[in-house]
Amino acid sequence: MHVGHLRSTILGDCICRVLAFLGHEVIRQNHIGDWGALGKVILGLWHMCMDEMRHGNGQYYAKEIKDLKACAGDTGRMQTLCQSICQRHTNDWEDDCGDRPDGRRGDGKKYFTLFLDKLESRPRGDLWDRITILYQYVNLLEESVGPFHLRIPIRKKKTSIQAGTSVFEYPLVPYESLSRHTTAMLQKIDADNEQEKKAGELITSISLEYCETIYDLLNVKITDKHFDYKVVRGESFYRRMLPGVVKRLVKAGLAIESDGAICVFPEGFKNKEGDPLPLIIEKSDGAHLYATTDLAAVRYRANKLKAQRIVYVTDARQALHFAMFFAVAKNPKAKWIGQDVELVHVTFGSVLGEDGSPLKTRSGENVKLKELLDEAVERARAVVEQKNPDLKDSEKDRIATAVGIGAVKYADYSNNRTSDYVFSFERMLSLEGNTAPYLQYAYARIKSIERKASQKDVDVEAELSGLDNVALGAPEELDLGKFLCRYGDAVEAAAADYRPNYLTAYLYELAQKFSAFYTNCPVLGAEPKDRAARLLLCELTARTIRHGLSDLLGIDVIERM
RNA sequence: GCGCCUGUAGCUCAGUCGGAUAGAGCACCGGUUUCCUAAACCGGGGGUCGCAGGUUCGAAUCCUGCCAGGCGUACCA
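In this report, we go over the structure that sits alongside the text. All values reported here derive from a predicted model rather than from experimental measurement.

Reading the values: the criteria
- Sequence order sets the numbering: in each chain, residues are counted from 1 along the sequence as written.
- Chains and ligands are labelled by the order in which they are written, letters from A for the one and numbers from 1 for the other.
- This being a predicted model, a pLDDT of at least 70 is required before a residue's local features are given, and a value of 80 or more before pairs of side-chain atoms are given or counted; all residues contribute to the totals for chains, interfaces and linings.
- Only hydrogens and water are set aside when side-chain values are computed; all heavy atoms of the structure are taken into account.
- Salt-bridge detection follows one rule: a side-chain nitrogen of Lys or Arg within 4 Å of a carboxyl oxygen of Asp or Glu.
- A run of DSSP states H or I qualifies as a helix once it reaches four residues; a run of E qualifies as a strand once it reaches two. Both are numbered from the N-terminal end.
- For the exposure calls, accessible area comes from a 1.4 Å probe over protein chains only, and a residue counts as buried if that area is under 20% of its type's maximum, exposed if over 50%, partly exposed in between.
- To be near a molecule or strand, a residue needs just one of its heavy atoms within 4 Å of it.
- Each polar contact in these results corresponds to two N or O atoms within 3.5 Å; when the atoms are within protein, one needs to be able to donate a hydrogen and the other to accept it, and residues that are neighboring in sequence are counted only if both atoms are side-chain atoms.
- By definition here, a helix of n residues has an expected span of 1.5 Å times n minus one.
- Only heavy atoms enter the contact rule, under which two residues are in contact if any of them lie within 4.5 Å.
- In this analysis an axis means a line fitted to C-alpha atoms, helices contributing only their contacting stretch, and an angle means the value between N-to-C directions, from 0 to 180 degrees.
- To sort the angles, those under 35 degrees are grouped as roughly parallel, those over 145 as roughly antiparallel, those from 65 to 115 as roughly perpendicular, and the leftovers as oblique.
- The hand of a helix crossing depends on one turn: near helix anticlockwise from the far one by less than a right angle means left-handed, and clockwise means right-handed.
- Residues are sorted three ways: Asp, Glu, Lys and Arg are charged, Ala, Val, Leu, Ile, Met, Phe, Trp, Tyr, Cys and Pro are nonpolar, and all the rest, Gly among them, are polar.

## A word on the pattern of salt bridges
Here's step 1: Tallying each qualifying case throughout the model produces 34 salt bridges.
Here's step 2: Between Glu477 and Arg534 there is a salt bridge whose closest N-O contact spans 2.7 Å. Residue Glu477 is found in helix α18 (residues 475–484), and its partner Arg534 is found in helix α21 (residues 528–552); the two are separated by 57 residues along the sequence. Grouping residues by exposure puts Glu477 and Arg534 together as buried.

So this is what it looks like as structure tokens:
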């Protein structure tokens with residue numbers, strides 16, 4: 001996971017929390033570990049296998065990423081490099097065969113099967129990082145070989161003429177489309193795809209395990225372990241429904257063949273030439289796509305899970321896809337889902353670097369989310385050390401985690417989600433201004449008052465329960481008191497537009513008003529006639545901050561910092 | 001070309017769907033600690049709300065047209 005995943009993850013989590021708080025029955029559905037291009041990762045894993053079992057475990061793929069990048073722009077060198085990679089690939093593949101009677105090659109029985117078995121029980125360690133590199137490698141390689149018309153053989157089961165006998169053929173396919181064949185294999189139910197299936201499952205489980213550690217760190221609740229229903233539902237769950245999706249839409253007269261692909265042409269969408277724009281649901285090679293899965297999933301959610309409103313949280317670049325997909329799903333002729341089901345696409349901007357260029361999602365040097373979070377915690381830890389050196393180490397750690405992670409999440413939440421997000425360590429981790437630490441600090445100050453109360457012989461509970469009328473004389477008291485009443489509006493506004501920044505804006509203003517009150521109105525040292533009302537203001541402010549920050553945004557509050 | 005998004009203080013951004021003198025933070029200048037955490041508080045300077053029209057009693061907000069940037073636009077997700 002890299003910084004780009006931060007937004008969808010925490011935005012989705014927050015929307016669920018807010019809607020659930022307002023009384024909706026929320027069913028979370030998370031596509032985690034759902035590598036849309038699983039084929040590329042599987043192919044990457046195959047490279048890892050060859051590297052370890054045939055080439056001395058030198059991580060040739062990591063080296064070749066550098067080489068490929070170095071050759072960019074130099075067509076001659078690039079061609080030579082790509083040719084040699086393709087040749088080695090072909091040799092490796094042909095050698096990976098358990099038993100080689102005439103004509104048999106590349107069944108994976110010699111290396112890949114064994115490799116997958118071993119990988120399953122191998123400690124996970126840096127496996128995830130390795131997979132990320134492998135994915136980049138395959139991506140970059142397929143991008144690079146494009147112009148050179150290289151070809152590589154694949155193994156394909158021939159429609160059996162004589163029953164009981166498997167007949168294979170080895171057609172050549174363009175090297176740059178090899179991973180697509182792997183993806184396509186996964187989508188075929190009866191194909192000879194045991195290895196691919198197993199590799200896919202292994203990758204998914206490694207992904208999931210890794211993501212769970214990040215989710216725990218981020219304090220987001222979007223996996224199965226937090227709920228008594230199935231939350232994690234990736235592409236594979238809908239796989240067997242895909243052929244049915246196509247059949248239904250063809251039968252309804254909505255999907256037709258065009259250039260070999262099966263498409264729906266929803267009204268009102270045009271391409272560059274002004275012709276109708278298709279939503280492709282089956283490619284010319286028979287494979288299904290994101291759109292097909294979405295159509296299967298929306299049916300499941302509306303008809304099986306009985307969802308009345310379905311909220312999709314993805315980046316804004318997918319807006320056209322969702323508009324088209326919604327149009328098809330809601331087309332009465334499709335008889336797909338009830339007309340009263342509300343479909344919402346909650347978009348958000350891209351993550352940009354400090355230079356304003358987008359941080360690439362799938363290639364190039366991504367900032368790893370884990371590293372970012374670790375650095376945030378580290379920096380927060382340094383501040384605690386400086387400000388409050390006498391605390392116990394374990395408490396310093398707890399504070400550093402709450403502050404560091406909170407700062408990162410809050411920075412994202414406090415931006416309008418539709419804007420592009422300029423990622424900056426400095427700003428994100430700054431502990432000043434409209435930030436999580438500012439709110440956490442206000443909360444900690446209130447808790448400190450509570451702790452000090454007993455030392456000064458003030459019984460907070462008794463004072464609060466004895467309070468029968470609240471007179472707010474000082475302007476800061478009145479300002480804070482009135483503002484406390486408006487929390488509900490902020491939550492409603494945040495829910496109505498799926499905008500956490502309405503919530504952060506409220507909480508920040510609340511903390512500001514509290515800080516002004518705190519500076520000007522002593523609580524424990526106040527005249528007895530004023531004290532109870534001030535204690536009440538403290539109590540309500542603490543509760544509001546805790547609810548907003550912790551319950552709705554998933555950012556921990558702390559007793560001291 | 002068409003579609004979507006963005007354009008507000010030097011920088012990063014709010015502005016809850018038309019309402020009063022456009023708000024924060026950072027940066028800059030000045031002030032506040034024998035007193036509940038100064039990771040704080042108070043004050044100051046700084047704006048043609050991209051430009052031009054229009055609707056309205058009233059526009060950063062709605063409409064039209066430009067300008068600039070980003071993204072998308074048939075077999076990626």
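## Describing the protein's contact with RNA strand B
Here's step 1: Surrounding RNA strand B, one finds 54 residues, the nearest of these being Lys283, Asn416, Tyr438, Tyr441 and Ser448.
Here's step 2: In RNA strand B, atoms within 4 Å of the protein come from the sugar-phosphate backbone in 63% of cases.
Here's step 3: Backbone polar atom of Asp259 to a base nitrogen of RNA strand B: 2.8 Å apart, as the coordinates give it.
Here's step 4: Within the contact set of RNA strand B, a phosphate oxygen lies 2.4 Å away from a side-chain nitrogen or oxygen of Tyr438.
Here's step 5: The set of elements that each furnish at least two residues to the surface near RNA strand B consists of β6 (261–264), α12 (319–330), α13 (369–387), α16 (436–455), α19 (487–497) and α20 (500–520).

## Side note on α12
Here's step 1: For α12, which comprises 12 residues, the first-to-last C-alpha distance of 16 Å matches the rise-based estimate of 16 Å (1.5 Å per residue) to within 8%.
Here's step 2: Every buried residue of α12 is listed here: His321, Phe322, Met324, Phe325, Phe326, Val328 and Ala329.
Here's step 3: Contacts from the buried residues of α12 go to α10 (242–251), β6, β7 (279–282), α11 (290–304), β8 (309–313) and β9 (342–346).

## Brief notes about the packing of α11 against α12
Here's step 1: Running from N to C, α11 and α12 point in directions that differ by 45 degrees, and their axes come no closer than 10 Å. With respect to α12, the element α11 is oriented oblique. Handedness of the α11/α12 crossing: right-handed. Residues Tyr290, Ala291, Asp294, Leu295 and Val298 of α11 form the contact with α12, whose own contacting residues are His321, Phe322, Phe325, Val328 and Ala329.
Here's step 2: By residue class, the composition of the contact of α11 with α12 is 8 nonpolar, 1 polar and 1 charged.

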